Amino acid sequence: DVSSPKHGKVDPDNMPHVGGNMWAGGTGGRDTAGLGGKGGPYRLDAGHRVYQVSQAEKDAVPEEVKRAAREMGERAFKRRLKEIQMSEYDASTYERFSGAVRRQVQSLRIILDNLQ
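Residues numbered from 1 in each chain as written. Predicted model: local features only at pLDDT ≥ 70, side-chain atom pairs only at ≥ 80, totals over all residues. Heavy atoms only, no water.

Looking at an unreviewed UniProt entry, the protein chain carries the name VWA8 protein, with the source organism given as Pomatostomus ruficeps.

Quick look at the structure:
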């Protein structure tokens with residue numbers, strides 16, 4: 001069961017973690033920042049294969065946990081914007097321009113990676 005969202009511990013060796021309720025950047029777990037899990041405050045990719053919990057499990061997360069996760073994610077987003085000296089307006093403008101060319105940038109990255 002989910003209890004409350006948190007960032008989670010950072011694994012200094014960046015080992016893959018699947019499931020559980022402890023590691024930041026894990027996959028398929030609960031309550032912590034990661035990918036493919038449920039109840040975490042925000043997405044955090046540590047570069048490992050993603051294990052996805054079912055949509056039914058995600059839908060079963062209590063509303064108060066979802067709300068707490070959204071609030072924590074919003075605070076982390078605002079803190080990050082402050083760190084990089086960007087306003088919310090700047091972030092939305094960046095996202096608008098970035099979104100318009102996202103597919104082309106991804107294609108170019110694939111081409112450059114193959115050339116390298």
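Turning to the pattern of salt bridges, a few remarks are in order. Following the criterion strictly, the structure yields 6 salt bridges and no others. For Glu57, the salt bridge is made with Lys38, and the minimal N-O distance between the two is 3.3 Å. Taken together, the residues Glu57 in helix α1 (residues 55-59) and Lys38 in the loop between β2 (34-35) and α1 connect sequence positions 19 residues apart. For Glu57, a relative accessible area of 35% translates into the label partly exposed. A single network of salt bridges, built from pairs that share partners, joins Glu74, Lys78 and Glu88. (Salt bridge = Lys/Arg side-chain N within 4 Å of Asp/Glu carboxyl O. Helix = DSSP H or I, 4+ residues; strand = E, 2+ residues; numbered from the N terminus. Buried < 20%, exposed > 50% of the residue type's maximum accessible area, 1.4 Å probe, protein only.)

This part takes up a nonpolar patch on the surface. A grouping of Leu108, Ile111, Leu112 and Leu115 is seen on the molecular surface, where their side chains present a nonpolar patch of about 430 Å² in accessible area. Tracing the backbone shows Leu108 in helix α3 (residues 88-115). (Patch = residues over 30% accessible without salt bridge, like charges linked within 9 Å, V, L, I, M, F, W, Y side chains within 5 Å. Areas by Shrake-Rupley, 256 points an atom, 1.4 Å probe, with all protein chains shown as cover.)

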